[in-house]
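One-letter residues, chain by chain:
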Amino acid sequence: SVKGLIFDLDGVLVDTAKYHFMAWKRLAKEHGVDLNDGYAEPLKGISRKDALEILLDLTGISMSGVEKLRALDKKNSWYLEYIMDIDESAVFEGVLEFLDLVKSLGYKTAIGSTSDNSSLILECTGLTRFFDVIIDGYKVTKPKPDPEVYLVGAKELQLDPSECVVFEDAVAGVNSAKTARMKVIGVSRTGSLEGADKVITTFSGLDEKILDF
Ligand code: BG6
Ligand code: MG
């Protein structure tokens with residue numbers, strides 16, 4: 001049975017995926033390319049480095065090794081600029097109530113994100129206190145879709161992967177969790193997410209019945 005819940009952070013609990021995309025757009029713009037919204041999904045949920053490679057691939061922009069390093073730095077400093085004023089208001093509707101509920105029911109909880117900025121965001125939004133374990137970009141070396149981040153999450157929760165359910169908004173993250181042999185609840189405003197076992201559009205009004213598989 002389900003004992004642990006592992007949450008991706010960006011785009012699941014907090015509305016930060018849009019800031020990641022804004023920073024990628026700004027980078028492409030500097031190279032004369034306008035990124036339409038179709039680029040959002042392929043750049044989502046993967047590491048900064050992998051996202052840059054995909055961006056270059058999809059747009060045909062080319063960069064030397066040194067330029068890539070500078071671009072990664074720039075992207076992150078713009079992202080940090082965008083999230084500088086982030087607070088509780090960035091937490092999606094219904095998230096606090098759902099976290100309160102599952103904690104009161106005794107579920108163990110973890111963050112499973114490969115962002116280096118996870119702790120900062122959790123602190124600024126007041127979410128840190130809800131999690132027994134925080135797995136972020138400093139704790140794992142292999143970005144999603146590799147299962148490492150979710151496997152380490154289960155391990156630190158002292159649970160078997162089969163006892164864990166993952167909440168994800170990105171295809172790469174769904175694949176990461178599936179490879180870790182976990183059930184996945186997709187969080188998608190449009191109501192569909194490839195590979196997820198179930199999909200929710202919001203945490204608002206959600207209760208523990210969603211954890212029945
Ligand atoms: C994920 C985001 O949570 O973290 C990705 O969905 C991002 O968009 C990745 O690339 C790495 O994050 P950061 O903050 O270390 O660049
Ligand atoms: Mg995400």
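Above: the structure in question.
In what follows, the accompanying structure is described. Just so it is clear, the structure is predicted and the values come from calculations on it, not from any experiment.

1. Thoughts on the coordination of the magnesium ion (ligand 2)
- For the magnesium ion (ligand 2), the protein coordination sphere consists of Asp8 (OD), Asp10 (O) and Asp169 (OD), at 2.1 to 2.2 Å.
- Summarised as a motif, the one-chain spacing of the donors to the magnesium ion (ligand 2) is D-x1-D-x158-D. Of the two residues, Asp8 and Asp10, both sit in the buried class.

2. Considerations on the site of ligand 1
- Lining the immediate environment of ligand 1, one finds Asp10, His20, Gly45, Ile46, Ser47, Arg48, Ser113, Ser115, Asp116 and Asn117.
- Contact between ligand 1 and Asp10: an oxygen atom at 2.7 Å from a side-chain N or O atom of the residue.
- Considering ligand 1 on its own, with 390 Å² of exposed area, one finds that the protein chains cover 97% of that surface.
- Split by residue class, the shell around ligand 1 holds one nonpolar, six polar and three charged.

3. Observations concerning the packing of helix 1 (residues 17-30) against helix 3 (residues 48-59)
- At a minimum axis separation of 12 Å, helix 1 and helix 3 run at an interaxial angle of 45°. By the criterion of interaxial angle, the relationship of helix 1 to helix 3 is oblique. For the crossing formed where helix 1 meets helix 3, the hand is right-handed. Two secondary-structure elements touch here, helix 1 through Trp24, Leu27 and Ala28 and helix 3 through Arg48, Ala51, Leu52 and Leu55.
- Among the residues making up the contact of helix 1 with helix 3, the classes are represented as six nonpolar, no polar and one charged.

The rules behind these values
Residues numbered from 1 in each chain as written. Chains lettered and ligands numbered in written order. Predicted model: local features only at pLDDT ≥ 70, side-chain atom pairs only at ≥ 80, totals over all residues. Heavy atoms only, no water. Donors = N, O, S within 2.8 Å, 3.2 Å for Na, K, Ca; no water. Buried < 20%, exposed > 50% of the residue type's maximum accessible area, 1.4 Å probe, protein only. Near = heavy atom within 4 Å. Polar contact = N/O pair within 3.5 Å; in protein donor to acceptor, adjacent residues only side chain to side chain. Areas by Shrake-Rupley, 256 points an atom, 1.4 Å probe, with all protein chains shown as cover. Nonpolar A, V, L, I, M, F, W, Y, C, P; charged D, E, K, R; others polar. Axes fitted to C-alpha atoms, helices over the stretch in contact; angles between N-to-C directions. Helix = DSSP H or I, 4+ residues; strand = E, 2+ residues; numbered from the N terminus. Parallel < 35°, antiparallel > 145°, perpendicular 65-115°, else oblique. Left-handed = near helix turned anticlockwise from the far one by under 90°. Contact = heavy atoms within 4.5 Å.

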